[in-house]
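So the chains spell out like this:
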Amino acid sequence: MGLSATLPTAVATRGDYTTTRLDYVVDMIRKYGINWARKNSLWPMPFATACCGIEFMAVAASRYDLARFGSEACRFSPRQSDLLIVAGRVVMKMLPVLQRIYTQMAEPKWVISMGACASSGGVFDTYAVVQGIDQFLPVDVYLPGCPPRPETILEGIMAIQRIVAEDGVRSSRERGRGLRLVVQPAPVVTLGAGLREGSLAERACRPVLDREPAE
Amino acid sequence: MATADAIAALQARFPELHFTPLPLLRYPDGRDSGQYWLRVPAERLLEVARFARDDPRTRFEQLCDLAGVDYLNFPGARERFAVIYSLLSLTHNHRLWLKVFVNDPDPVVPSVTGIWRGAEWPEREVFDLFGIRFAGHPDLRRILCPEGITDHPLRKDYPLRGRGEREAFSVVTRETA
Amino acid sequence: MSSATSFQPTTLMRDETDGDLWTLNFGPQHPATHGTLHLELQLDGERVVRCTPHIGYLHSGFEKLGEHLNYNQYVVVTDRMNYCSPICNNIAWHHAVEKLFGIELTPRCKAIRTIVQELGRIQDHLLCVGANALDLGALTGFLYGFNPREPIMDLLEELCGARFTVSYTRVGGVVRDAPPGWTDRIRRYLRQDLPPALEDFETLLIRNRIFVERVKGIGVISHDDAINWSLTGPVARASGVKRDLRKDEPYLCFADNWDGRGAPAVRFQVPIAYGGDVLSRILVRLEEMRQSAAIIEQVIDMMPEGPVNVLADEDVTLPDKREIYFSIEGLIHHFEKIMSNRGLRPPLGEAYGAIEAPNGELGFYLVSDGGNAPYRARCRPPSFMNYQVFPVLLEGHQISDVVAILGSLNIIAAELDR
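Everything numeric in this text was worked out from a predicted model, so none of it was measured.

Draft legend 1. A look at the overall build of chain B. Helix and strand counts for chain B stand at 3 helices and 7 strands. Secondary structure elements in chain B, listed N-terminal to C-terminal, are α-β-β-α-β-β-β-β-α-β. Out of the 177 residues in chain B, the part that is buried amounts to 41%.

Rendered as structure tokens:
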């Protein structure tokens, strides 16, 4: 199960392009070159204010290792990062700081609103807490939870990766206009479904596949 | 009992203030909670506090907490604000609470930062959230709320969700960022 | 840069003008500032001449919220205060509330609460020392600190249903009893997993010459100053202040005869250091973790059977869910407790209850007007009191010492700003 970000089709198939083969080649380079590199090297900028920050640190730690997504370098400088993770409640004193950090980040940049407080104010419907940073900042992925479980955070990173994969190499301005997100549950993946019968990988995995599921 | 000795010492030193120790709470079955408070008038606070800290029978070396309370809607309250000093004695291992009552307009209480340095920030917080000024504080300015706010949020007449301060920001969009 | 933002660094707060000093804004967004701390440093080269902390970047109105949520609902908010050990805040809140109501807990509840409080202490100290190491550049120390926290979070998840923000306590008891085998799993963790992890962690830091040189003699505060500045917890104990609420004002299983049948108080030692510097605070925290492990072992050995919530005639706890769903009396009883015009009825008055949280004395001063929500719920946050002394600790040090001292005070911004 997972989130699926459906975008207006930017992946080219041979039939869409009636002009040149060059367009097709450039599109392949975009999808399997540039976007592949981008999505596998997302450097997060953890804007960690509160409890979600601790859960983010747990995701970056050994058990739920974030480094395997290429996010080893948690750059705390907005100039050097491309994924702003707003983790925790944002209060009215902090919001201008957050906005300034966002504008300081270089294109292309994406924003994850992590947790209930950043997405909507959460438990804190008070005078001080901004009821959702998306009122003042563009957000790409919202993570529910208070705090979101580490698995949710990893799913959010993977959702950003899916967005990045479908992204065109355009400026944020143009990106913003066409972006529509539809959340659908992805089909359930069975273990070993992608392994070709008789291949070396399948033979290697057979002991795992044959094992009884653990209680 | 150490607390009774301390209160007796305070009563002996300040007979004109007529200290009567009241329990903070009395349970329905009649017993009291064992936590006692004394009412101190604002103008005598510094003398009482200094005595409480220094006298060997009281020795309240530490100011544990400094809180403000707005008794606006409280049943039976006569004054609006109270500043509550939680005193802790490490040598005798007991506590005492002092309450100083003040009213609108312009509530002012002398600052005890000269006696307990740890009162600096709690007093700023009480000023920020209630509007009670502390005379003699080295740096009395807002600590928790943003600089431009004019209200005092923890007063009872200030609504929980505020008066729109949390929405008064400009919007950053993908086009402008 | 867009003109949409209006954040302006604060101008000089003091009137002295010295043209040679350079103002550096440290924060409010900085990895080493544990979230949202803002320090305005005035530097003479590398040396810090003056430091003005600005806080309030996480002020969420907890105390205002406390006037609108009832005594059971507010525990959810207390989780989000000291978020390194949320269970301890729950225990502190309900300790104060039970003092207000005058409720005596059941022995099993006290035992479970003691166990989880000490687990929370281990959690908090691992994070604090790990983050302190991270700020000084030891990323491995951070990972070594976080690794033993994960089994604790698993244990708390088994018990409370959530791994992080647990909201475990209720007035007069806890949400649910410990599942079978939970204490065995804790014992296995404390005997097999924690000691080698602590050993590695400690060796990595304390036997490391570079780390010790960076923290020894830094940020010293004397015993009398620590008392005068209202410091509590490991920060005060590292300056020689012999104060621990578990020994001085015993509560839960730290009091003699805690189960009403003569059970002895838990035996443990309180580590005190006399250096007053950052190294002393780290050593105090590391030793406190070992003492917490010993406490948990003793409580598990003495674990009594029985109910975890106080009896129904105390009229403060919600009935069991099976009764609510399948009996009319249970349903009515449930309504009586949760409807806003009914609910719990404390006496009229004020109460203060404090526990020895990992950061210091965490207390709640409650003013009750007889209704089911507090009239005023004041939190006495140890981080707030401990942070005031920071400019004093920083006198004469260099900019690289700022993070060492800040990490050692364990300033949790949510508790600081509430």
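Moving on from the coordinates now.
Draft legend 2. Here's a closer look at the overall build of chain A. When helices and strands are tallied, chain A shows 7 helices and 4 strands. Each helix and strand of chain A, ordered N terminal to C terminal, gives the series α-β-α-β-α-β-α-β-α-α-α. Across the 215 residues that make up chain A, the buried fraction comes to 41%. For chain A, contacts bridging at least 24 residues in sequence account for 77% of all contacts bridging at least 6.

Draft legend 3. The arrangement of the packing of helix 5 (residues 139-146) of chain C against helix 7 (residues 182-206) of chain C in detail. Residue and element names in this part refer to chain C. For the pair helix 5 and helix 7, the least separation of the axes is 9 Å and the interaxial angle reads 160°. By the criterion of interaxial angle, the relationship of helix 5 to helix 7 is roughly antiparallel. Crossing geometry of helix 5 relative to helix 7 is assigned as left-handed. On helix 7, the residues touching Thr140, Gly141, Tyr144 and Gly145 of helix 5 are Asp200, Phe201, Leu204 and Leu205. Counted by class, the contact of helix 5 with helix 7 contains 4 nonpolar, 3 polar and 1 charged residues.

Draft legend 4. Highlighting the interface of chain B and chain A. Facing the 14 residues of chain B at the interface are 20 residues of chain A. Here the residues of the side of chain B that touches chain A sort into 7 nonpolar, 2 polar and 5 charged.

Draft legend 5. Representation of the interface of chain A and chain C within the structure. Of the residues lining the interface, 32 residues belong to chain A; the matching set on chain C comes to 32 residues. Elements supplying a minimum of two residues to the side of chain A that touches chain C: strand 1 (44-48), helix 2 (51-60) and helix 3 (95-104) of chain A. When the residues that make up the side of chain A that touches chain C are grouped by side-chain class, the tally is 21 nonpolar, 6 polar and 5 charged.

Draft legend 6. Focus on helix 2 (residues 45-54) of chain B. All names here are of chain B. Burial in helix 2 covers these residues: Val48, Ala49 and Ala52. The arc that holds the buried residues of helix 2, viewed along the axis, is 95°, so those residues lie on one side. Considering only its buried residues, helix 2 is in contact with helix 1 (2-13) and strand 4 (81-89).

Draft legend 7. Inspection of the sheet that holds strand 1 (residues 22-26) of chain C at higher detail. All names here are of chain C. Read across the sheet, 3 strands follow the order 1-2-3 without closing on themselves; strand pairing throughout is antiparallel. Either end of the sheet is taken by a strand with one partner, and the two such strands are strand 1 and strand 3 (47-54). Geometrically, the sheet is characterised by an average inter-axis angle of 25° between neighbouring strands, direction not taken into account. The sheet contact formed by strand 2 (residues 38-44) and strand 3 spans 7 bridges and is antiparallel. Considered in strand 3, the bridge of Leu41 is made with Cys51. Helix 17 (residues 399-409) contacts strand 1, strand 2 and strand 3 of the sheet and is inclined by roughly 150° relative to strand 2.

Draft legend 8. Seen up close, the sheet that holds strand 8 (residues 376-380) of chain C. All names here are of chain C. Spatially, 6-7-8 is the arrangement adopted by the 3 strands of the open sheet, whose pairing is antiparallel. What marks the edges here is a single partner per strand, and that holds for strand 6 (349-357) and strand 8. Direction aside, neighbouring strands of the sheet carry axes that sit 15° apart on average. Bridging between strand 7 (residues 360-368) and strand 8 involves 5 bridges; their strand directions are antiparallel. Paired with Gly363 across the strands is Arg380, a residue of strand 8.

About the cut-offs
- Residues numbered from 1 in each chain as written.
- Chains lettered and ligands numbered in written order.
- Predicted model: local features only at pLDDT ≥ 70, side-chain atom pairs only at ≥ 80, totals over all residues.
- Helix = DSSP H or I, 4+ residues; strand = E, 2+ residues; numbered from the N terminus.
- Buried ≥ 20, exposed ≤ 12 C-beta atoms within 10 Å, placed from the backbone.
- Contact = placed C-beta atoms within 7 Å.
- Axes fitted to C-alpha atoms, helices over the stretch in contact; angles between N-to-C directions.
- Parallel < 35°, antiparallel > 145°, perpendicular 65-115°, else oblique.
- Left-handed = near helix turned anticlockwise from the far one by under 90°.
- Nonpolar A, V, L, I, M, F, W, Y, C, P; charged D, E, K, R; others polar.
- Arc of directions from axis to C-beta.
- Pairing = 2+ DSSP bridges.

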